[in-house]
Amino acid sequence: MYDRDYEYIMAIAQTGTLSRAAVSLGISQPALTRFLQKEEQTINTKLFQKTSGRLTLTYAGECYINYIKKILSIQKDMMNSLQAISRVEKGRIRIGVPSIRRPYTIFSVIPEFIKAHPSIDITLHENRSSMLEQMLEDLELDVIAVNTFRKKDSLQYRKVADEEFVLAVPAGSPLITASEEVEGCKYPVLRPEQLNHQTFIFLSQQHRIRQFTDKLLAAHHIEYKTAMHARTLESALEAVSVNMGITFTPEVPLTQLRNSENIRYLSILTDDTHYEFNLVYRKGAYIDPSLEDFSRIFTENYQKVMPAAQNLYINTKWKIVPLQLHTHCREHRELVYMEHTSGPRCLDLYLPEHLNRPAPVILNVSGGGWYFGHRNTVHIGSIADVGLLHGFAFASMACVSSRLEKYPFQIREVKTAIRYLRSHAEEFGLDPDHIILWSPSSGAHLSLMAALTDGNPYFDDTSMGCDSVSAAVQAVVATYPPTELGISEQQFLDTGITSPYPVSGINCTESILLGCTAEKDPALYREASPLYHITKSALPLYLQHGRLDNIVPYIQSESFAEVYRRVVGPEKIVFESLEDAGHSDPRFKSPEACERICRFLENVLEL
């Protein structure tokens, strides 16, 4: 019997009539009738009987179907093994991870594996756990790393770690003070009733963490408020980091997350919070030595990373997590570039381990709505790592908060940091003629303003430090920057996008920076907008933005790029647009994106 014959019998059993089965199979009913008669004659027994006008399986038919399923399963296992062996000969491993696990996989696992197996090609797929399981069963992946709640008979599991669902809260949350140290718990503990009247950030219903959250809140009759609904766990955690609310999350290493220094984990004293984090394979699949070694590296590294990440956050004093780079370099932390009433203003500098020439400098200005930010956040790690590998020095800074100083102080501060780097170029082995600003969001706004207003004394204050050198830069990389202040509300209305933050009035971040609303002083908003400082002499620019951005309207970069091309020239700008990306989408700072940008900088600056 052939596979097609199996399909005929299965179709009749599923549809209950020969006519419907014939339609589903794309053959004529007489042909299907002749096949069934011949098959029943061959085995000398009836497979179907007519009941209430439908064909139903006889006992013999049920046995027949069960054996068909076993035969097909054996065939599938055979194909799995043969394809796995073929894959080994071709040197390829296909890995699937949820997007929240991507940073760990890319930075902690894949580099070590490639070093041991340089001839093996790796394909990394990101998706929801349920989709990854399906892709694994459909032979599209070789191994996946997922949280496991119910194990499938068709898959085999290797435990990486025992984890728990935890509550992610902002660093200053009163819940931290209210929590208790409990022996045997990795994090300070809250009782469920302490969640009453809290503001939550929710994921969509298809996420397992949302299902857990709904079950817990309902079981304990928790009354709550909703701050927003996030599409991804990364977005939910970013919202936590800016004090929008709290959310439940799997226990992923915080040091791998953007703005992780602003997030804390708490345990909840309830059942059903624990699960296994597993590497998963198809049952019966051939696991070759290279895949076995990948599993070992993944597990051993995770067991090193996770306790270190926990130790940083277990105590309730919650210290800032220093940036941890994966590229060997020389570090100079807390270099004071100016004094301020709030304390010394510092930047961190990372130098390539081996310098055979003065290093061009990338200066990163932290985002954070001009209101908050930190120079030492984990999310800049890939930019620094890739930049260092290309021979760039990497410096990071965060400007004085807009609650302490108003515009244009922060622009002048960026220029002071530039002058500091240039004046100390010889000391640190830097190239003073090649300084690049590479920043996100509000930091990108400040970077554009600093670059486009070079020579304008209003935007510079040499008394702030290092007055003997220039504050000019040679290129800018701006990721989702505000380029025209005071019009976000209308732009969001025009595109049908709703921002989770105030975009007008005295409480929006632009009003806090400028000290007034756009309606009160439109000329000031125009003056503070990079769009109105573009001139023919403007420098090379790499611009990034996502069409689904709900923090800074995408049209701001689109309009800016159009004017830039017309005034400065199309050869001076690259505009990278992502159709399905929002604010802070990790693809903008992925290793691949950073590679493209570094090559752009090397080309336009002739490095």
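Residues numbered from 1 in each chain as written. Predicted model: local features only at pLDDT ≥ 70, side-chain atom pairs only at ≥ 80, totals over all residues. Heavy atoms only, no water.

> Give me the overall build of the protein: which residues, what numbers.
The number of helices and strands found in the protein is 19 helices and 20 strands. In terms of overall dimensions, the protein has a C-alpha envelope of 100 × 55 × 50 Å along the principal axes. Long-range pairs, those at least 24 residues apart, make up 75% of the contacts in the protein with a sequence separation of at least 6. When the accessible surface of the protein is totalled, it reaches about 27,400 Å², and 51% of it is carbon and sulfur. Here the protein contributes 60 positive and 72 negative side-chain charges, whose respective centroids are spaced 6 Å apart. (Helix = DSSP H or I, 4+ residues; strand = E, 2+ residues; numbered from the N terminus. Contact = heavy atoms within 4.5 Å. Areas by Shrake-Rupley, 256 points an atom, 1.4 Å probe, with all protein chains shown as cover. Lys, Arg positive; Asp, Glu negative; His and termini not counted. Charge placed at Lys NZ, Arg CZ, Asp CG, Glu CD.)

> Account for the packing of helix α2 (residues 18–25) against helix α3 (residues 29–43), naming residues and giving values.
It is the contact of α2 with α3, at a shortest axis distance of 9 Å, that shows an interaxial angle of 110°. Relative to α3, the element α2 lies roughly perpendicular. Contacts from Leu18, Ser19, Ala21, Ala22 and Leu25 of α2 reach α3 at Gln29, Leu32, Thr33 and Leu36. Here the contact of α2 with α3 is built from residues that sort into six nonpolar, three polar and no charged. (Axes fitted to C-alpha atoms, helices over the stretch in contact; angles between N-to-C directions. Parallel < 35°, antiparallel > 145°, perpendicular 65-115°, else oblique. Nonpolar A, V, L, I, M, F, W, Y, C, P; charged D, E, K, R; others polar.)

> Would you mind going over the sheet that holds strand β17 (residues 430–440) in detail, with residue names and values included?
Judged by pairing direction, the sheet is mixed, and its eight strands sit side by side in the order β13-β14-β16-β15-β17-β18-β19-β20 without closing on themselves. Whereas interior strands pair on both sides, the edge strands pair on one side only; in this sheet they are β13 (329–338) and β20 (573–578). Neighbouring strand axes in the sheet, compared pairwise and without regard to direction, differ in orientation by 20° on average. Both strand β15 (residues 359–365) and β17 contribute to a ladder of four bridges, which runs parallel. Bridge assignment links Ala359 to a residue of β17, and that residue is Leu430. Across the sheet, helix α12 (residues 409–423) lies against β13, β14 (345–352), β15, β16 (393–397) and β17, angled at about 130° from β13, the strand it touches most. Lying over the sheet, helix α19 (residues 591–604) contacts β17, β18 (475–479), β19 (541–546) and β20, oriented at roughly 155° with respect to β19. (Pairing = 2+ DSSP bridges.)

> Break down the packing of aromatic side chains for me, with residues and values.
Enumeration according to the criterion identifies 22 aromatic pairs in this entry. Relative to Phe294, the ring of Phe113 has its centre 5.7 Å away and its plane inclined at 80°; by these criteria the two rings are edge-to-face. Of this pair, Phe113 sits in helix α5 (residues 102–116) while Phe294 sits in helix α10 (residues 289–313); the two residues are 181 residues apart in sequence, bridging distant segments of the chain. By relative accessible area, which is 0% here, Phe113 ends up buried. Feature note: the residues Phe149, Phe165, Phe200, Phe202, Phe212, Tyr224, Phe248 and Tyr275 constitute an aromatic cluster, connected by ring pairs. Over the ring of Tyr67 we find Lys70; its NZ or CZ atom is 5.2 Å from the centre of that ring. Geometry around Phe277 places Arg101 over its ring, the cationic atom sitting 3.7 Å from the centre. (Phe/Tyr/Trp six-rings, centres within 6.5 Å; stacked < 30°, edge-to-face > 60°. Buried < 20%, exposed > 50% of the residue type's maximum accessible area, 1.4 Å probe, protein only. Lys NZ or Arg CZ within 6 Å of the ring centre and 35° of its normal.)

> Describe the pairing of strand β2 (residues 54–57), naming the residues involved and giving the relevant values.
With four bridges joining them, strand β1 (residues 48–51) and β2 adopt antiparallel strand pairing. Counterpart to Lys50 in the pairing with β2 is Leu55. Linking β1 to β2, which pair antiparallel, is a turn of two residues; within it Ser52 sits at a positive phi near 55°.

> Outline the environment of Pro250, listing residues and values.
Positionally, Pro250 belongs in strand β10 (residues 247–250). Residues Pro250 and Ile209, 41 residues apart in the sequence, show an inter-C-alpha distance of 7.4 Å. Not counting residues within four places of it along the chain, the set of residues in contact with Pro250 comprises Asn147, Glu164, Phe165, Val166, Ile209, Leu233, Tyr265 and Tyr275.

> Residue-level account of the pairing of β10, with values.
The two faces of β10 match: Thr247 and Thr249 on one face and Phe248 and Pro250 on the other face are all buried. As paired strands, strand β6 (residues 155–170) and β10 are joined by four bridges and run antiparallel to one another. Within the sheet, the bridge partner assigned to Phe165 lies in β10 and is Pro250.

> I'd love a proper account of unusual backbone geometry, names of residues and values included.
Note the cis peptide between Tyr407 and Pro408, where omega equals 5°. Of note, Pro408 is situated in the loop between β16 and α12. Residues other than glycine seldom take positive phi values, yet His197 does so here, at roughly 70°. With a relative accessible area of 55%, His197 lands in the exposed category. You will see that Glu334, though not glycine, has its phi angle at about 55°, which is positive. Within the element layout of this structure, Glu334 appears in strand β13.

> Talk me through the environment of Ile497; I want residue IDs and the actual numbers.
Examined against the element boundaries, Ile497 turns out to sit in the loop between α15 (488–495) and α16 (509–514). Accessibility expressed as a relative area gives 22% for Ile497, which makes it partly exposed. Along the chain, Ile497 and Asp549 lie 52 residues apart, while their C-alpha atoms are 8.2 Å from each other. Other than its neighbours up to four places away in sequence, Ile497 contacts Phe492, Arg547, Leu548, Asp549 and Asn550.

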